[in-house]
Amino acid sequence: MHGEPGFLLLSIPMGLVNVLLNITSAVTTERVAKMCLLPMRGITVMAVRTTSYGKRGTYEYTDPSGTTRSYFREASASEIEVCYHPDDPAESVGV
């Protein structure tokens, strides 16, 4: 197809790809921002491994209200540093 009908048919899939790439970019940017900002402005605690030893594990830490929170990470250490947001302790990243 040549002309306007061809461009219209081609613009639909290209528009969908553009939307998906923008969503992926936004999610990645938000994750990187959390990984950079929380260690500088958040609260850092030591999280203790609660699962059996291996490559992957679940780590737990306690926030200031006394609630125990879980953090999943691929690490074999018995303790790791976790940073969380002071207003939302469930939002955390590993250091």
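## What to know about the overall build of the protein
- Each helix and strand counted, the protein has one helix and five strands in total.
- Going from the N terminus to the C terminus, the protein shows its helices and strands as α-β-β-β-β-β.
- Taking 12 Å as the expected radius of gyration for a compact globule of 95 residues, we find that the protein reaches 21 Å, considerably beyond that expectation.
- On the principal axes, the C-alpha backbone points of the protein span a range of 65 × 30 × 20 Å.
- The proportion of buried residues among the 95 residues of the protein is 19%.
- Restricting the contact set of the protein to residue pairs at least 6 apart, pairs at least 24 apart contribute 35%.
- Counting every atom, the protein has about 6900 Å² of accessible surface; 61% of that belongs to carbon and sulfur.

## Remarks on the pairing of strand β3 (residues 68-73)
- In terms of strand pairing, strand β2 (residues 57-62) meets β3 through six bridges, oriented antiparallel. Residue pairing in the sheet places Thr58 in a bridge with Phe72 of β3.

## Structural notes on the side chain of Asp63
- With respect to the helices and strands, the residue Asp63 is situated in the loop between β2 and β3.
- Judged by relative accessible area, Asp63 falls into the buried class, the value being 4%.
- Aside from chain neighbours lying at most four places away, what touches Asp63 is Arg69, Tyr84 and Pro89.

## Quick look at the sheet that holds strand β5 (residues 92-94)
- Taken in spatial order, the five strands line up as β3-β2-β1-β4-β5 in an open sheet, and their pairing is antiparallel. If you trace the sheet from one side to the other, it starts and ends with β3 and β5, each paired once. On average, each strand axis in the sheet is tilted by 40° relative to the strand beside it, whichever way the strands run.
- Contacting β1 (43-49), β4 (79-84) and β5, helix α1 (residues 4-41) crosses the sheet at an angle of about 85° to β5.

What counts, and at which threshold
- Residues numbered from 1 in each chain as written.
- Predicted model: local features only at pLDDT ≥ 70, side-chain atom pairs only at ≥ 80, totals over all residues.
- Heavy atoms only, no water.
- Helix = DSSP H or I, 4+ residues; strand = E, 2+ residues; numbered from the N terminus.
- Rg over C-alpha atoms; globule rule 2.2 N^0.38 Å.
- Buried < 20%, exposed > 50% of the residue type's maximum accessible area, 1.4 Å probe, protein only.
- Contact = heavy atoms within 4.5 Å.
- Areas by Shrake-Rupley, 256 points an atom, 1.4 Å probe, with all protein chains shown as cover.
- Pairing = 2+ DSSP bridges.
- Axes fitted to C-alpha atoms, helices over the stretch in contact; angles between N-to-C directions.

Keep in mind these numbers describe shape, not what the thing actually does.
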